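These are the residues of each chain, in order.
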Amino acid sequence: MMVYDNPDGVKIGLEIHVQLNKLNTKLFCACSTDYHNSEPNTHVCPVCLGLPGSLPVLNRRAVEFAMKVGLALNCEIVEQTQFHRKNYYYPDLPKGFQITQYDFPIASNGKVVIDGEDGEHIIRIKRAHMEEDPGKLMHIGSIEKSKGTLINYNRSGMALIEIVTEPDMRSPKEARRFLDKLRSIMEYLDVFDGDLEGAMRVDANISVMGGERVEVKNISSHKGVEKAALYEIMRQKNFVRRGGKVVLETRHFDELRGVTLSMRSKEEEHDYRYFPEPDLVPLRVADKVPEIIKTLPELPDAKRKRFKTQYGMADMHAKALTSDIKVANFYEEVAQLVDPKAAAVWVADILKGELNYRDISVDAFKVEDMAEIIRFVSSGNITERSGVEIIRTILDKGGDPASIVKEKGLVKVEENIVTKAVDETLEENPEALQDYLRGKEKSLNFLVGQVMKKTAGRSDAKTAREMLLDKIKKLSPK
Amino acid sequence: MAGWASISQIKEKIAEKSAEEVTASYLERIKKSKINAYTTVCEGAIEKAQEIDDKGHNGPLAGIPIAIKDNISTKGIYTTCSSKILQGYVPPYDAHIVERLKDAGAIILGKTNMDEFAMGTSTESSFYGPTLNPWDKERVPGGSSGGSAAVVAAGEAPVSIGSDTGGSVRCPAAFCGVVGLKPTYGTISRYGLISYANSLEQIGPLATCVSDIATLMDIIAGYDSRDSTSVKTEMVYKDALVDDVSGMKIGVPEEYFGEGIDPAVENAVWDAIQFFEELGASWEQTSLPHTSYALAAYYIIAMSEASSNLARFDGTRYGYRSEGDNWHVMASRTRAEGFGPEVKRRILLGTYALSAGYHDKYYLKALKVRTLVKKDFDIAFKKFDCLMTPTMPTPAFRIGEKVEDPLALYLADVNTVPINLAGVPSISLPCGFTDGLPIGLQIIGKHFDETTILKAAYSFEQNTDHHTRRPQEMA
Ligand SMILES: [Zn+2]
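Model, not experiment: these values are computed from the prediction.

Core analysis: the biggest nonpolar cluster contains 260 residues, and Leu 14, Phe 178 and Met 370 of chain A together with Leu 101, Phe 117, Phe 377 and Ile 443 of chain B have the highest contact counts within it. No other element matches the 9 residues that helix α9 (residues 291–309) of chain B contributes to this core. What Leu 14 of chain A contacts, discounting residues up to four positions off in sequence, is Ile 163, Val 164, Thr 165, Met 169, Ala 175, Phe 178, Leu 179, Val 202, Asp 203, Ala 204 and Val 225 of chain A.

Shown next, in the form of structure tokens:
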């Protein structure tokens, strides 16, 4: 077995804030979570604005969501909920403290398996705790030039789950793979929509060669985490090489320049003065675990395994089809209608690539259309290349497979037309035929091109080549 | 028309005249007031009263004027906690109890003066200046609900609402010679009560008689989904108004008659206890051994919670706002200029008690003491139906007497704070006078057993006349 020896002694641990944005209401009030297209400060109430005298009331559904997350990450679930106040001053924090979980997180001691540098690799989950999101600061133009700071409290009080891993990732790539896996699990659980702005924010703790860890704060994309980690590893290595000693510090990732910048050293760290939130009473959740387990869906690893056995597809395809729940569901629907193996190839290799290229979701494509394209190709009505062209046309301009085939004249021409074209081509190009027979492989390509030209591209190259070879064999048997 | 009156007396007056005339007469009386008990007077009360006259109202408080402590959120009416930092703050929502009172037909006369953020025992720390005791204007009315007690004593409102974190309803009730109840923790929703120390405080009514306390409780008590600490109870407080204490077992904890108690207070309370015996109850001395630690534990817990509760006042969203080149400077200056010295002292002490390295030594230890204090009560209530003590160790002290000595002021709470630590109910009612100043008897009950203490208080009231005395010039 291949073994990754981690030459720089890289250790990466992540703290991921995931917004449970599939909840209808916020964590401690009844305000709607559907604020992304709304005017600032329209999804607020006395509670999430922290108005004097308001009190929090725990959203029970949020607790269920958090339990689902904990169980999906193979964690132990706490006996009863307990919330603390984390005290600090910041204008986006309307109460001057954040309600969070401290020594009794909802979930702890879990693990997630990723495809690591040397095969399956376990990332341990230290804890997952619930907390409320602060508001959002906004500036007119750049921070430096803005005349002031505007605060939008629509986000204030959104339910977050903060997932803290052990420093088990040994490379930036593994960090990214973990995040991809985590997002995948969250979307499987239907507690999270990763496409919404600010849905997942990451802090990365990075150390090399047994040195102190450096925390890079508030990275907003998986790619950003990978880039920040790459930069930070290089920076720390160079620093140590020049005789420096890495100290505990917090750094900020400048996404545009791809560098990390020092924010504050550990000495300046806050004392958050945690104490139990007196306005919330503990909620016993331990008894509910069996019930929640029953609601857990099939998760990515299990689905990947099942796809391989049930549909007989390659692991590579099973992995590609199960990383995104939407793609997985899409595939299974297509597989009901056409040959599952062909469907796997089409969805994993072709459709997914076209979607990624355009950065759009599989929602943009109809199951029925995918099935029809596969049917057209496998019945020999159209070529594979035409199948790809139909997918591209639907994604870019819309339409349905049948009318696109008609409009573009993609129906594969009858074989006798190809036979005729082959005969004509060989008759018209005796030199090329001779060249080929003398061993000049390239001449065959020329002949294939001629056949295609005669059929106006409606036959595919593979057929043309096969028929040419067939004919040549008949003409000059050896 | 306005003046010292019970709800049923006011109802008669409304029937005779009108709600409008009754409200107008109170507003008139408030205008002439010399005790500085209101921070805001609601001129709009007249219209509300007219509405009741015009349309009629079948609520139990239809047309009854009421005063509300300035730390309870009232939609459209200034709510400042008697602090500069909330100057100009007009809440967009009503506290749960305000909704209930309005539904019952009550007319809000205004907001009452208090110690800034309810931090005090004298109402002297108010940004609006001290409220004067109607019995002696050189003396404090007690605190922190000093305004709420003084308006009732002075006949500037028949009933009022206060809040009690460590004695803030009972202390001014005792000093002003009125009745005040601190219910069991969880009985009345705190939604809309601006928090000082969440785990200790309860809203409580003040009135001239026990019967009005029960009437108010039937309206304002009860479960509210917006307060997670609120509890479902099926209590009818009016049912407790029975003149019968025969067989009642009274415990008298010796620790509540300790050092510094005024002999006149001690005598009056003992007289009251003996009077209960005449009425058919029995009493026995007992001990609540952890009482001496209660005061320190109370102040650590209250200040710790306060340091966090008051963090939201930073000038960003509402209330007073100072200037500054950036947010941190603006917020710091707002807090430096907006809070008074006692509030700052408690924020600093609370911040200290919660800080890394001190948290276990102070905050955690205080929580342990709290458990022990609770246990004292649990044990005592296995034997007794209720406990009786002086509410305050002395009658009302002079204005300015303890301002410079916060510790002396904190010591005045020694008989009231253990009750908040334990979360049990307790009522203060007049049981005598010394040099023209009222003395309060405190009756403490079991969790959710307001019935017993209301019954005891009602029986005492029915058979004595202390509650009928009123301040000289107010009569
Ligand atoms: Zn809200």
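Next, the rest of the story.
Residues and elements named next belong to chain A. Where strand β2 (residues 76–77) lies against strand β5 (residues 107–116), 2 bridges are found, and the strand directions are antiparallel. Among the inter-strand pairings, Glu 76 is bridged to a residue of β5, identified as Ser 108. Where β5 meets strand β6 (residues 119–132), 9 bridges bridge the pair, whose relative direction is antiparallel. Note on β6: the bridge partner recorded for Gly 116 is Gly 119. Counting the residues that bridge the hairpin from β5 to β6 gives 2 residues.

Okay, helix α10 (residues 327–338) of chain B next. Residue and element names in this part refer to chain B. With 12 residues, α10 extends 16 Å between its outermost C-alpha atoms, agreeing within 8% with the 16 Å of an ideal straight helix rising 1.5 Å per residue. For α10, the set of buried residues is Trp 327, Met 330, Ala 331, Thr 334, Arg 335 and Gly 338. Within α10, the buried residues cover an arc of 125° as seen down the axis, which keeps them to one side. Of the surrounding secondary structure, the elements contacted by the buried residues of α10 are α11 (341–354). The backbone nitrogen of His 328 has a side-chain oxygen 3.0 Å away, supplied by the residue at the start of α10, namely Asn 326.

In terms of domain boundaries, chain A breaks down into domain 1 (11–293), domain 2 (298–408) and domain 3 (415–475). Between the C-alpha centres of domain 1 of chain A and domain 3 of chain A the distance comes to 63 Å.

Counting residues at the interface gives 36 residues for chain B and 32 residues for chain A. A combined buried area of about 2,700 Å² lies between chain B and chain A, and 58% of that area is made up of carbon and sulfur atoms. If you sort the residues of chain B by the area they bury against chain A, Ser 228, Arg 312 and Arg 317 of chain B come out on top, with a joint share of 22%. For the pair chain B and chain A, the interface holds 1 salt bridge. We note a salt bridge from Arg 190 of chain B to Asp 279 of chain A, for which the minimum N-O separation is 3.0 Å. Here chain B is connected to chain A by 19 residue pairs in polar contact (both at pLDDT 80 or more). Looking at the side of chain B that touches chain A, the element that brings in the most residues is α9 of chain B, giving 4 residues. Classifying every residue of the side of chain B that touches chain A gives 15 nonpolar, 14 polar and 7 charged.

On to the coordination of the zinc ion, then. All names here are of chain A. Taken together, the protein donors to the zinc ion comprise Cys 29 (SG), Cys 31 (SG), Cys 45 (SG) and Cys 48 (SG), at separations of 2.3 to 2.4 Å. Coordination at the zinc ion comes from 4 donor atoms whose angles at the metal span 100 to 116°, giving a geometry best classed as tetrahedral. Of note, the donors binding the zinc ion are all from one chain and are spaced C-x1-C-x13-C-x2-C. On the criterion of sequence distance, the pair formed by Cys 31 in the loop between β1 (11–19) and α1 (60–72) and Cys 48 in the loop between β1 and α1 is long-range, its members being 17 residues apart. Summarising the burial analysis for this pair, Cys 31 and Cys 48 share the class buried.

With that settled, the discussion passes to unusual backbone geometry. For residues other than glycine, phi is negative in most cases, and the peptide bonds are mostly trans. With an omega dihedral of 5°, the bond running from Gly 143 of chain B to Ser 144 of chain B counts as a cis peptide bond. Take Ser 144 of chain B: it is sitting in the loop between β3 (107–112) and α5 (146–153). One non-glycine residue, Asn 6 of chain A, lies in the positive phi region at around 45°. Take Asn 6 of chain A: it is sitting in the segment before β1. Residue class for Asn 6 of chain A comes out buried when judged on its relative accessible area of 15%.

For the rest of this paragraph, the subject is the pattern of salt bridges. Residue and element names in this part refer to chain A. Enumeration over the complete set of coordinates arrives at 57 salt bridges over all chains. Ionic pairing is found between Asp 8 and Lys 237, a salt bridge with its closest N-O pair at 3.1 Å. Linking Asp 8 in the segment before β1 with Lys 237 in helix α3 (residues 222–241), this pair joins segments that are 229 residues apart in sequence. With relative accessibility at 22%, the residue Asp 8 sits in the partly exposed group.

The next point concerns the packing of α1 of chain A against helix α2 (residues 172–189) of chain A. Residues and elements named next belong to chain A. Following both chains from N to C, one finds α1 and α2 inclined at 130°, their axes separated by 10 Å at the closest point. By the angle between their axes, α1 is oblique relative to α2. Here α1 runs over α2; the crossing is right-handed. The residues of α2 that touch α1, namely those facing Lys 68, Val 69 and Ala 72, are Ile 185, Met 186 and Leu 189. Split into classes, the residues belonging to the contact of α1 with α2 amount to 5 nonpolar, no polar and 1 charged.

It is worth spelling out the side chain of Arg 170 of chain B at this point. Residue and element names in this part refer to chain B. With respect to the element layout, Arg 170 can be found in helix α6 (residues 170–176). For Arg 170, a relative accessible area of 0% translates into the label buried. Engagement of the side chain of Arg 170 in a polar contact is seen with the side chain of Ser 426, the distance being 3.5 Å. Sequence-distant contacts of Arg 170, that is, excluding residues within four places in its chain, are made with Asp 164, Gly 180, Lys 182, Thr 391, Thr 416, Ile 419, Asn 420, Ser 426, Ser 428 and Gln 442.

Cut-offs and rules
Residues numbered from 1 in each chain as written. Chains lettered and ligands numbered in written order. Predicted model: local features only at pLDDT ≥ 70, side-chain atom pairs only at ≥ 80, totals over all residues. Heavy atoms only, no water. Core = buried A, V, L, I, M, F, W, Y, C linked by side-chain atoms within 4.5 Å. Buried < 20%, exposed > 50% of the residue type's maximum accessible area, 1.4 Å probe, protein only. Helix = DSSP H or I, 4+ residues; strand = E, 2+ residues; numbered from the N terminus. Contact = heavy atoms within 4.5 Å. Pairing = 2+ DSSP bridges. Expected span 1.5 Å × (residues − 1). Arc of directions from axis to C-beta. Polar contact = N/O pair within 3.5 Å; in protein donor to acceptor, adjacent residues only side chain to side chain. Domains from an automatic or database assignment. Buried area = accessible area lost by both parts, 1.4 Å probe. Salt bridge = Lys/Arg side-chain N within 4 Å of Asp/Glu carboxyl O. Nonpolar A, V, L, I, M, F, W, Y, C, P; charged D, E, K, R; others polar. Donors = N, O, S within 2.8 Å, 3.2 Å for Na, K, Ca; no water. Tetrahedral: all angles 85-135°; square planar, octahedral: opposite > 155°, others 65-115°. Axes fitted to C-alpha atoms, helices over the stretch in contact; angles between N-to-C directions. Parallel < 35°, antiparallel > 145°, perpendicular 65-115°, else oblique. Left-handed = near helix turned anticlockwise from the far one by under 90°.

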